[in-house]
Each structure stands twice: as structure tokens, then as C-alpha cells.
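Chain and residue survey
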Amino acid sequence: MGFTQAFKLALKSILSSKMRSLLTMLGIIIGVGSVIILISLMNGVTNEVVSAFESMGTNVLNVSIVGRNSSRKINVNDMYELYTNNMDVFMAMSPTLNVSGTIKYGTTTYTSTSLNGVSEDYAKMNQLEMQKGRFLAYSDLNDYHKVAVVGTYFDQEVFNNNSIGKYIKINGYQYEIVGVIEEQDDSAEGSTDDCIYIPYTTAAKVSYSKVSSFTFATINPEYNEYGTYLIENSLYEVLQNENYYSVSDRATLIETATEMTSMLTMVLVGIASISLLVGGIGIMNIMLVSVTERIREIGIRKSLGAKRRDIMSQFLIEAGTTSALGGIIGIVFGIFVSEILGNIVGINASPTFPSIMISFSISVFIGILFGFLPANKAAKLNPIDALRYD
Amino acid sequence: MIPLIELKDVYKIYQMGDNTVYATKGVSLKIFKGEFVAIVGQSGSGKSTLMNIIGCLDVPTKGKYFLNGSDVSALKDDKQADIRNKKLGFIFQQYNLISKLNVLENVELSLLYGGYSSIDRVNLAKAAIARVGLSDKMKNLPSQLSGGQQQRVSIARALANNPSIILADEPTGALDSQTGIRVLNFLQKLNNEGNTIVLITHDNNIAMKAKRIIKIKDGEIIYDGVPENAFEE
Ligand SMILES: Nc1ncnc2c1ncn2[C@@H]1O[C@H](COP(=O)(O)OP(=O)(O)OP(=O)(O)O)[C@@H](O)[C@H]1O
Ligand SMILES: [Mg+2]
């Protein structure tokens with residue numbers, strides 16, 4: 001008997017009792033559906049994380065000096081020298097200084113703002129575009145100007161879209177606002193747009209703190225490793241201790257994040273697969289019932305010359321078709337639910353094509369695996385006993 | 001001439017706890033091509049057992065069975081299935097049609113397992129259905145047919161593969177006498193066309209229509225010959 005014939009027979013048998021078939025498939029539908037949903041959501045989250053990192057530039061190396069040795073100090077000029085000596089590796093460099101201080105405009109104090117001292121290269125390295133005005137300039141740094149570049153939160157919420165030329169008070173000094181960075185988030189308080197950049201030279205001077213971190217941009221992410229090596233080398237020369245500094249590279253960070261989310265996906269999918277197993281057992285159960293119900297039919301088929309493998313394939317194909325149908329329903333259901341959930345959470349959650357193919361194949365495989373026992377039972381029936389069965 | 005069917009000292013023994021049941025007890029017989037044999041006997045005498053062995057649905061416990069000269073006494077499942085498919089056509093008392101399949105699909109079954117192409121299947125099945133006069137009922141399910149019509153479908157199914165032997169176990173048992181006679185006349189017609197027929201019945205009147213009668217009692221043959229002398233005591 002051919003495959004198409006057996007397949008038609010299986011479809012006929014499934015359609016002849018729709019309710020029962022649907023209940024049989026339920027386990028597979030839920031199993032495949034939840035696998036698809038989990039993969040879609042985790043996929044969406046991973047893409048979100050990766051693109052968040054990527055928008056910050058994958059060619060950026062963050063250097064922070066954590067330890068301080070009284071006799072050995074990292075000096076900004078040394079780092080500038082490292083940069084200028086390796087212009088074939090590095091594209092830009094900025095010392096960065098996280099300033100803690102009170103920010104005031106009028107009588108209001110702003111506490112959630114991230115305030116950073118940076119160089120004129122910082123905007124270029126981090127792909128910050130200007131909405132209005134200009135970014136910090138070399139002369140601002142050189143001459144310790146008290147100028148500030150703000151995020152859209154200040155421009156929109158504090159200055160009514162009219163911040164250029166206004167003054168904001170940082171640690172008691174008035175800073176002139178010279179530029180507004182384009183919106184990156186939603187301009188809300190505490191968001192990425194709630195930020196102020198001032199020249200690191202001015203910042204270091206007024207807050208009496210030392211520059212302890214640097215941002216380097218390589219000309220290409222492929223140079224990240226070599227750049228890291230160069231920086232670490234020169235830091236080690238000065239500090240003589242690996243624990244006093246760290247260099248982190250965003251490409252590596254992305255890799256780690258992707259690895260972590262995919263590991264989490266595997267665990268979650270593993271848990272969801274338990275329902276696939278339960279679905280398989282459901283199919284086995286119904287197939288066993290169906291074999292018992294059809295013993296006479298099997299006897300008739302055998303008396304007409306059906307061989308063991310004919311009966312076997314009839315039931316296997318029926319089990320496989322049932323679970324494949326369940327799998328298709330589960331996939332459609334899963335895609336549908338992930339779209340909805342993705343919309344609610346605000347990520348683009350759609351399953352990858354391989355994940356659809358894999359869940360479909362797994363559901364067919366499970367049907368055949370769990371259909372094996374009932375099919376074998378049917379195939380081994382003795383024709384006379386089967387014909388006599390009532 | 002080699003007999004189509006030859007049984008040599010065939011025993012079928014069932015062990016029921018301490019009880020040993022001899023369903024057939026040393027049966028030997030030869031049936032040649034073109035014969036119409038009726039096997040008669042009381043209930044429990046071993047008729048069906050004998051037919052199951054002849055029909056390759058069962059194997060003898062002891063003794064030999066030659067079908068067309070080759071020993072088929074101890075064949076494996078699938079070999080038996082092959083012989084049933086190619087050489088034998090069954091007609092059962094309870095028709096044994098598959099209720100989910102329509103007339104055409106039921107008749108196609110043995111052709112399906114015989115590996116015919118779908119075009120051949122449909123053509124052969126339609127021809128067989130035409131022979132039993134049910135061409136207008138092709139799409140009916142068995143439940144939409146009378147008992148006599150269902151039995152005719154099962155005859156069409158037995159014929160479709162053009163088997164060497166047609167085995168009928170009480171084919172008229174579930175039919176009224178009128179319809180029974182019609183079915184029997186049809187079997188006679190088939191025999192006249194050259195088919196070999198083995199018919200099982202416990203109705204002597206029906207047995208009289210055959211050319212040869214084999215009487216069985218307690219698993220043994222007690223008469224084998226022409227119908228005329230079969231029932232005189
Ligand atoms: N599977 C079995 N297990 C045990 N005994 C059996 C089995 N099959 C048949 N028998 C016994 O073998 C004997 C012959 O049975 P068989 O079915 O051949 O009788 P029969 O002549 O066809 O009777 P009927 O006219 O009622 O159909 C009976 O005594 C029956 O009880
Ligand atoms: Mg019987």
C-alpha cells in the first residue's frame with residue numbers, strides 16, 4: 001500500500017471523529033504552541049538586547065581604572081598618547097568622568113539625571129546625533145568652558161523646547177546649554193534622555209576628581225581584541241597589577257548576552273517540551289483505544305492480504321498525521337499568541353523559520369514514536385482472533 | 001494433475017487447560033481446480049477450523065497442507081498474507097465489510113494490498129461490482145445496503161483479485177432463504193465459469209447445490225462424495 005493511500009486513510013479516520021482527534025492533539029497543540037511562544041519571545045528579547053548594544057556601537061571599548069596606587073597613576077595625556085600612537089587601530093578616544101553633583105534649574109533639583117564629563121569625540125563614538133546646537137568642542141575642553149549638552153528630557157520637559165542659551169546650575173556653577181542630543185528613548189525623567197554632558201576637564205576641575213575611565217572606539221569591531229591588548233599592555237606598564245583596571249568590549253558583551261538568552265531559551269523550551277511528551281502519551285493512549293476498537297477491521301484487512309507492515313504503517317501514519325495536524329495548529333496558535341504578547345510587551349516576537357520546522361518535525365516524530373506501540377500491537381494481531389473479535 | 005488443495009493428515013489441536021480439543025482430527029483431502037465442494041457438519045464439528053487452514057488464516061498443529069503443489073503448512077504471517085491476497089477470496093457469514101468505507105473502497109481493499117495501481121484498482125473493483133449487479137450502489141456505505149446486497153459486495157471483493165479459490169463460510173447464514181438461494185445461484189454461476197469454490201454450510205439443502213459434499217463430524221471426515229448419497233442414512 002502506498003504512502004498517499006495510507007495518508008488519505010489516516011486523514012479520513014481523523015476526520016471521522018473530529019472531537020476526539022482534537023482532544024488527542026491537545027497535548028501536542030499546547031506543547032508546540034508553548035515552544036513557539038517561548039522561542040518567539042526570547043528571540044524578540046535577544047534582538048532587543050543586541051540592537052540596544054549595537055546602537056551604542058560595537059567598536060567601543062570601555063576602560064575603567066578601579067585601583068589606585070599612590071605612586072603609579074594613569075594620566076589622561078598617557079591615554080591620549082596611546083590613542084595618537086595607534087591611529088590605525090583607534091578611531092577616537094574620550095576620557096569619561098561620572099560626576100555626582102546637584103543639578104538645579106530655578107528652584108527645582110534634578111536627581112535622576114546622569115551627568116558625565118566627556119571629550120568632544122564622545123558623541124561620534126557613541127553615535128549621538130544633535131537635535132539642536134552643537135556638541136562639546138575642543139576649545140571647551142581646552143579652556144575649561146562651563147558649557148553643557150543636554151538630553152531631550154531637559155529640552156522638552158524643563159525648558160519648553162527652548163534650552164539653547166539657557167543656564168543650568170551644576171554643583172553651584174552656571175553652565176550654558178549649547179546643544180540638545182536627539183531623542184533616544186521617550187524623553188521621560190530617568191530615561192536615557194535624562195542626561196547632561198559637560199567637558200571632562202571642567203568636570204575634573206570643579207569636582208576635584210580624577211578621570212578614572214576612558215572610552216576608546218576602534219576603527220572596526222575586528223580590531224577590538226587588538227585594541228584591548230594595546231590598552232591593557234600600557235595600563236599594566238604603569239599600574240603593574242591586573243586587578244587595577246578592566247577593559248570591556250561591547251561586541252563581547254553582546255556575545256555574552258546572546259549566549260545567556262539562548263541558554264535561558266533552551267531551559268524554557270526544555271520545560272515546555274515536557275508537555276510535548278504528555279501530548280505523545282495522549283496520542284499513544286487514544287491510538288491504543290482505536291486499535292482495540294478496530295480489531296475486527298484489522299482482521300478483515302489481514303484476511304484480504306494486509307501484511308504486518310501495511311497495518312503498522314496505517315497506524316503509524318495515522319498517529320503521525322494526528323500529531324502533525326496538532327503541530328500545525330500549535331504553530332499557528334503559537335505565532336498568533338506571540339504576536340499578541342509581543343505587542344503587549346513592545347517587542348517584535350516572531351518565531352524563526354527553523355524553529356517552526358523543528359517543532360513541526362518534533363511533533364511528527366513524537367506521534368510516530370508514541371504510535372509505535374499501538375501500531376505494533378495491531379500489526380501482530382492474529383487474523384482469526386481479530387476476525388472473531390466482537 | 002496436481003490438486004489445487006491437498007490436506008495430508010491435518011490436525012488442529014487446542015489445549016484448554018487440562019482439556020485437549022481436537023478441532024480437526026487427521027483430515028486428508030484433495031480438491032481440484034473447477035470443483036464446487038460443500039463442507040457440512042454440525043455446529044462445533046470443525047468446519048470453520050478447516051476453512052481457516054485452507055484459507056491460510058491458520059496453520060495446522062500437525063500434518064501438511066499443499067496449495068497448488070507447494071507446502072504452505074508452516075508459513076510466516078506475511079507469506080500467508082501474500083497467499084490470501086493472491087490466491088484466495090473469502091466470503092464470510094457476517095459479510096465483514098469495513099463500515100467506514102463505501103462499496104467501491106471495500107472492494108478495492110484486496111487490490112490495494114496486492115499492489116495494483118490506483119487506476120487498475122478502480123477498474124478491477126468496478127468490474128467486480130458490476131458482476132454482482134451493484135454498479136448503482138458504488139458510493140453507498142455498507143450500512144446503506146440490505147443484507148443480501150452487503151453479501152454481494154463481499155462476493156465482489158472476493159472476486160476482484162481473480163483468486164484461484166473462493167472460500168465461503170456460511171455465506172447464506174444471515175440471509176433469508178430467498179436471498180440465500182440467489183447468492184447460491186451466483187456461486188454456481190461462478191463455478192460454471194471455472195472458479196473453484198469451497199462452501200461451508202450446515203444446511204443440507206444448500207449443500208445439495210454443490211458438486212461434491214464433504215461431511216465432518218468431531219473433526220473427522222465421515223463422507224466425501226457426490227451429493228446424491230450424502231444424506232441417506
Ligand atoms: N481458538 C479456539 N480455542 C479453543 N477451541 C477452539 C478454538 N476455535 C475452535 N475451537 C473448538 O474447535 C471446535 C471446532 O470449531 P469450529 O469453529 O471449527 O466449528 P464449526 O464446525 O465451524 O461450528 P459452527 O457450525 O458452529 O460454526 C469446537 O469444539 C470449538 O470449540
Ligand atoms: Mg463455523
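Values in this document were obtained by computation on a predicted structure and should not be read as measured data.

As a further point, take the packing of helix α3 (residues 103–113) of chain B against helix α5 (residues 147–160) of chain B. Packed helix pairs are specified by the crossing angle of their axes together with the interaxial distance, meaning the distance between the axes. All names here are of chain B. Relative to each other, α3 and α5 sit at 30°, their axes nearing to 8 Å. Of the possible angle classes, the one that applies to α3 and α5 is roughly parallel. You can see that α3 and α5 cross each other, and the crossing is right-handed. Between α3 and α5, the residues in contact are Val103, Asn106, Val107, Ser110 and Leu111 and Val153, Ala156, Arg157 and Ala160, respectively. For the contact of α3 with α5, a count of residues per class yields six nonpolar, two polar and one charged.

Turning to the site of ligand 1, a few remarks are in order. Around ligand 1, the surrounding shell consists of Arg388 of chain A together with Tyr14, Met16, Ala23, Gln42, Ser43, Gly44, Ser45, Gly46, Lys47, Ser48 and Thr49 of chain B. Mapping the residues near ligand 1 onto chains gives chains A and B. Contact between ligand 1 and Gly44 of chain B: an oxygen atom at 2.8 Å from a main-chain N or O atom of the residue. Between an oxygen atom of ligand 1 and a main-chain N or O atom of Ser45 of chain B, the distance comes to 3.3 Å. Among the elements of the structure, β1 (5–16) and α1 (47–54) of chain B are those that each provide at least two residues to the shell around ligand 1. In terms of residue count, α1 of chain B provides more of the shell around ligand 1 than any other element does, three residues in total. Its residues placed into classes, the shell around ligand 1 shows three nonpolar, seven polar and two charged.

By the assigned domains, chain A splits into domain 1 (3–52 + 256–388) and domain 2 (68–240). The C-alpha-based centres of domain 1 of chain A and domain 2 of chain A are spaced at 56 Å.

Across the contact, 23 residues belong to chain A and 24 residues belong to chain B. Between chain A and chain B lies a buried interface of about 2,200 Å² when both sides are counted; carbon and sulfur atoms form 54% of it. For chain A, the biggest contributors to the area lost against chain B are Leu304, Lys307 and Ile384 of chain A; these three give 26% of the whole. At the surface where chain A touches chain B, the tally comes to five salt bridges. Between Lys307 of chain A and Asp82 of chain B there is a salt bridge; the shortest N-O distance is 2.9 Å. At the junction of chain A with chain B, the criterion picks out nine residue pairs in polar contact (both at pLDDT 80 or more). Among the elements that take part in the side of chain A that touches chain B, helix α10 (residues 295–303) of chain A stands out by supplying six residues, more than any other.

Thresholds applied
Residues numbered from 1 in each chain as written. Chains lettered and ligands numbered in written order. Predicted model: local features only at pLDDT ≥ 70, side-chain atom pairs only at ≥ 80, totals over all residues. Heavy atoms only, no water. Axes fitted to C-alpha atoms, helices over the stretch in contact; angles between N-to-C directions. Helix = DSSP H or I, 4+ residues; strand = E, 2+ residues; numbered from the N terminus. Parallel < 35°, antiparallel > 145°, perpendicular 65-115°, else oblique. Left-handed = near helix turned anticlockwise from the far one by under 90°. Contact = heavy atoms within 4.5 Å. Nonpolar A, V, L, I, M, F, W, Y, C, P; charged D, E, K, R; others polar. Near = heavy atom within 4 Å. Polar contact = N/O pair within 3.5 Å; in protein donor to acceptor, adjacent residues only side chain to side chain. Domains from an automatic or database assignment. Buried area = accessible area lost by both parts, 1.4 Å probe. Salt bridge = Lys/Arg side-chain N within 4 Å of Asp/Glu carboxyl O.

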